[in-house]
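Chain by chain, the residues run as shown.
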Amino acid sequence: MMGIKQKEENTNGGLHNTLAAGTTVKGDIVTETDFRLDGKIEGDVSCSGKIVIGPKGNVTGNIVSTNAEILGEVEGSIHVSAKLVLKATAVIKGDIFAQTLEIEPNARFNGGKITTKSFFIIKSQNRRSVFSFNSVTSCFISDSRPYRNKTFTHVPSSKTTI
């Protein structure tokens, strides 16, 4: 084929669930497909695919997923077996466990612990990001500006400005 690009499909064959803005669910959600949340969930979410929490999305509970992209608010722990992306509008209050963690400038994390098996990335465009956390386990912070990389291991009660 010449010059034809294929669109990237959702991780589960194009199937996904959506919870629209203005909708509140009280209770746990379990899904085997990708999940887009623009409403509010008061309970735990377990997703075998990718969960996207939109800018107005809110979860008060724990999240377990393969991949996640957060633009809204989460109050609870987040366990992601592959990649977790915290966008600029994300607000996280809880522990983070992820294989790969990517945080954009202005994302807010006020949690207890960040645990990554691989690395921790911060994208920055001449803006500073501030993170408050109680402890970090084996975490590498990379900045797009040269010579600004930092490595942390078990940092008790610190506030870091990058």
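Calculation rules
- Residues numbered from 1 in each chain as written.
- Predicted model: local features only at pLDDT ≥ 70, side-chain atom pairs only at ≥ 80, totals over all residues.
- Heavy atoms only, no water.
- Core = buried A, V, L, I, M, F, W, Y, C linked by side-chain atoms within 4.5 Å.
- Buried < 20%, exposed > 50% of the residue type's maximum accessible area, 1.4 Å probe, protein only.
- Helix = DSSP H or I, 4+ residues; strand = E, 2+ residues; numbered from the N terminus.
- Contact = heavy atoms within 4.5 Å.
- pLDDT = per-residue confidence, 0-100.
- Salt bridge = Lys/Arg side-chain N within 4 Å of Asp/Glu carboxyl O.
- Polar contact = N/O pair within 3.5 Å; in protein donor to acceptor, adjacent residues only side chain to side chain.
- Pairing = 2+ DSSP bridges.

Student: I tried to follow the nonpolar core on my own but got confused; where do I start?
Tutor: Among soluble globular proteins, nonpolar side chains are generally buried collectively. One finds F35, I70, L84 and L86 to be the most contacted residues of the largest nonpolar core, which totals 27 residues. Elements supplying a minimum of two residues to this core: β4 (34-37), β6 (45-53), β8 (63-70), β10 (78-86), β12 (96-103) and β13 (108-122).

Student: I would appreciate a short explanation of the environment of S46 in the present structure.
Tutor: Mapped onto the fold, S46 is located in strand β6. On a C-alpha basis, the gap between S46 and S65 in space is 5.9 Å, while along the polypeptide they are 19 residues apart. Those residues within four positions of S46 in sequence are excluded, and the remaining contacts are I29, V30, T31 and V64.

Student: Just to check I follow, could you spell out the confidence of the model for the chain for this structure?
Tutor: Note: predicted coordinates in regions of low pLDDT should not be interpreted at a detailed level. On average, the chain scores 75 in pLDDT, and the residues at 70 or more come to 62%. Here strand β17 (residues 158-161) is the element of the chain with the lowest mean pLDDT, 44, and strand β7 (residues 58-60) is the one with the highest, 98. Every residue in residues 1-11 is under pLDDT 50, and counting partners more than four places away or in other chains gives seven contacts. For residues 137-162, every residue scores under 50 in pLDDT, and the model assigns this stretch 71 contacts once sequence neighbours within four places are set aside.

Student: Which parts of the structure should I look at to understand the pattern of salt bridges?
Tutor: Two side chains bearing opposite charge may form a pair once their charged atoms approach each other closely. Taken as a whole and judged by the stated rule, the model has five salt bridges. In this structure, E102 and K83 form a salt bridge, with 3.4 Å as the shortest nitrogen-oxygen distance. In this pair, E102 sits in strand β12 while K83 sits in strand β10, placing the two residues 19 residues apart along the sequence. In this structure E102 comes out as buried when scored by relative accessible area, which is 9%. Taking relative accessible area as the criterion, K83 reaches 36% and is therefore assigned partly exposed.

Student: I'm lost on the environment of S65 in this one. Help?
Tutor: On the secondary structure map, S65 appears in strand β8. Measuring from C-alpha to C-alpha, the distance between S65 and V45 comes to 8.0 Å, with 20 residues separating the pair along the chain. Once you skip the residues sitting within four places of it in the chain, S65 turns out to touch C47, G49, K50, I51, H79, V80 and S81. At 2.9 Å, the side chain of S65 forms a polar contact with the backbone oxygen of G49.

Student: Quick question: what am I supposed to make of the pairing of β6 here?
Tutor: Residues in a regular strand project their side chains so that they alternate between the two faces of the sheet. Where strand β3 (residues 29-31) and β6 come together, three bridges link them in parallel fashion. In the strand pairing of β6, T31 is matched with C47. In terms of strand pairing, β4 meets β6 through three bridges, oriented parallel. Looking across to β6, one finds that R36 is bridged to V52. One ladder, built from seven bridges, connects β6 with β8; its direction is parallel. Following the sheet pairing, I53 is matched in β8 by I70.

Student: Can you walk me through the pairing of β4 in this structure?
Tutor: As judged from the four bridges shared by strand β1 (residues 16-19) and β4, these two strands associate in the parallel manner. Bridging from a neighbouring strand, T18 pairs with R36 of β4.

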